[in-house]
Amino acid sequence: MKSIIRQFLNKESVVNKGEFNVDNLISIVNKHPIEVVWILWTIYLGVDVITRIYSNIDFASVKIIALHYFAGGFFQQFVFFVFLPNVLYLKKWKKQTVLFLLLFIAYLFLKLFLLSTPLFELTDPEGFIVKEGMRIFQFQIYIVALWGMVVAIKTSSEKNRLQLEYDRIRIDHTSIQLNPHMVINLFSGFAASIYPLSRDLYEDFNNFSALLSYCYKDPRLPNFLNEEVQAMEYLISCQRSRFPDKLSFSLTHQLDLVQCSKFIIPKGTLMSFVENTFKHGRCFDSNTPCVLNMGLATLENGCQRFIFALDNAKDIASTEQSSQFGIKAVNRILAHHFIDHYQLFISETHTDFSVFLYIDYEGNFTNWTA
């Protein structure tokens, strides 16, 4: 009894241990929806007949019973396969409503014909219309529920099919790529060979190899703040090797990378701002250097606040082509992972662009759900 009460209050679930094949039932409903609609309607008729027999209620004529059964079943099938899909998917509710009313009017006149009673001779025409309307509509709620279940089943099946297709394509795509570990190991081997010839080129190879390792990392895996900071340093170092006398980029921080290794941040969020600086900023003018400052501060409540501040002059020609899609994407990602534990501020003028971001880490706080 206690178990029944808990089940009634939704505190305990009854688990199917294989005695009932749910998948088989779902498959039948999915493959034969018309038959299921008519079977349910026939069961409904059977219950009505049994109720009338045991309650000693008089039956109507065979013609009227047949009309109620076939006309009612027709309306259920119409609602299931025509009315609901067109109204909810194609938004053709006006056309479908008019069609439904016309069919209902035709049903009324057919019944009056079988009763041999003109409509104007009825003593209560309004009551007759309401009664017949209820006769047709009372089963619609079950049909709507069944339609919703079938749609959910088909949607789930299509989603699973697309997921399997996506997995297959992803596997095929991965199979035609060079293995990331092999590429990184090749670069490390080249760097070792270059070391006796050029220490600077050896450092450049190592930085680029580390940057590649970061880029190859699966974004679904946790990414820590120290990895993001080091990746930005590798990127800037690689850019300095490309433009040794032109790049004007100042990066300063006094971060404890060991401490930063406790804090998770979605991969690419900070890197995106630095990459956008190279795309849309004036990083090759010593009069307008790009400045990036980062730091950690302890707040009064004991949580650690990571601060990221980036300022750069704008390359007007490049900025006009920017949609700022990257900034919006980063903001959505941060909002998903940190909710109200972060703030992102963007300041933009005709000549300058600034980003200020802070994230509050409460101990090892993160809303990571990858």
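Small disclaimer: the values here were computed from a predicted structure and weren't measured.

A. The arrangement of the overall build of the protein in detail. Along the protein, the regular secondary structure elements total 14 helices and 5 strands. Put simply, the protein has 370 residues, and 31% of those count as buried. Put simply, of all contacts in the protein between residues at least 6 apart along the chain, 70% involve residues at least 24 apart. Put simply, the protein shows about 23900 Å² of open surface, and 61% of that area lies on carbon and sulfur atoms.

B. Structural view of the side chain of E132. Looking at where E132 falls in the secondary structure, it is placed in helix α6 (residues 125–137). Among the polar contacts made by the side chain of E132, one reaches the side chain of Y107 at a distance of 2.7 Å. Residues contacting E132, with those up to four places away along its chain left out, are H68, F104, Y107, L108 and K111.

C. A look at the confidence of the model for the protein. With 88% of its residues at a pLDDT of at least 70, the protein reaches an overall mean of 82. Every residue in residues 364–370 is under pLDDT 50, and counting partners more than four places away or in other chains gives 23 contacts.

D. Broad picture of the layout of surface pockets. In this structure, the largest pocket encloses a volume near 560 Å³. When residues of the lining of the largest pocket are traced back to their parent elements, those giving at least two are α3 (33–54), α4 (62–88) and α6. Here the lining of the largest pocket takes 7 residues from α3, the largest share from any one element.

E. Fine view of the nonpolar core. Counting 38 residues, the largest nonpolar core has M232, F249 and F308 as the members making the most contacts within it. Going through the elements one at a time, α9 (199–216), α10 (225–242), α12 (269–280), β2 (290–298), β3 (304–313), α14 (325–338), β4 (342–348) and β5 (352–361) are the ones with two or more residues in this core. At 7 residues, α10 tops the list of elements feeding residues into this core. Excluding residues that lie within four positions of it along the chain, F249 makes contacts with I236, R240, V274, T277, F278, C290, L292 and L310. Among the nonpolar cores identified, the runner-up in size contains 27 residues, and L108, L112, I136 and F139 belong to it.

F. Structural detail: the packing of aromatic side chains. Under the counting rule described, the total for this entry stands at 21 aromatic pairs. Consider the rings of F100 and F137, whose centres lie 5.6 Å apart with planes at 25°: the pair is stacked. Of this pair, F100 sits in helix α5 (residues 93–115) while F137 sits in helix α6, placing them 37 residues apart in sequence. On the accessibility criterion, F100 (9% relative accessible area) is buried. On the basis of relative accessible area, F137 is assigned to the partly exposed category, the value being 35%. An aromatic cluster of three or more residues is present, and its members are F74, F75, F78, F83, F100, F104, Y107 and F137. Above the plane of the ring of Y214 lies K267, whose end atom (NZ or CZ) is 5.4 Å from the centre. A cation sits over an aromatic face here: R305 above Y358, 3.8 Å from the ring centre.

G. Spatial organisation of the environment of F208. Position of F208 relative to the elements: it lies in helix α9. Spatially, the C-alpha atom of F208 lies 7.7 Å from that of L235, the residues being 27 residues apart in sequence. Apart from the residues within four sequence positions on either side, F208 is in contact with F187 and C238.

H. Representation of the packing of α4 against α5 within the structure. Packing of α4 against α5 leaves a shortest axis separation of 11 Å and a crossing angle of 175°. Taken together, α4 and α5 sit at an angle that is classed as roughly antiparallel. By residue class, the composition of the contact of α4 with α5 is 19 nonpolar, 4 polar and 2 charged.

Cut-offs applied
Residues numbered from 1 in each chain as written. Predicted model: local features only at pLDDT ≥ 70, side-chain atom pairs only at ≥ 80, totals over all residues. Heavy atoms only, no water. Helix = DSSP H or I, 4+ residues; strand = E, 2+ residues; numbered from the N terminus. Buried < 20%, exposed > 50% of the residue type's maximum accessible area, 1.4 Å probe, protein only. Contact = heavy atoms within 4.5 Å. Areas by Shrake-Rupley, 256 points an atom, 1.4 Å probe, with all protein chains shown as cover. Polar contact = N/O pair within 3.5 Å; in protein donor to acceptor, adjacent residues only side chain to side chain. pLDDT = per-residue confidence, 0-100. 1 Å grid on protein atoms, 1.4 Å probe; cavity = no way out; pocket = protein on both sides within 12 Å on 5 of 7 lines; lining within 4 Å. Points joined across faces, edges and corners; volume = space filled by probe spheres on them. Core = buried A, V, L, I, M, F, W, Y, C linked by side-chain atoms within 4.5 Å. Phe/Tyr/Trp six-rings, centres within 6.5 Å; stacked < 30°, edge-to-face > 60°. Lys NZ or Arg CZ within 6 Å of the ring centre and 35° of its normal. Axes fitted to C-alpha atoms, helices over the stretch in contact; angles between N-to-C directions. Parallel < 35°, antiparallel > 145°, perpendicular 65-115°, else oblique. Nonpolar A, V, L, I, M, F, W, Y, C, P; charged D, E, K, R; others polar.

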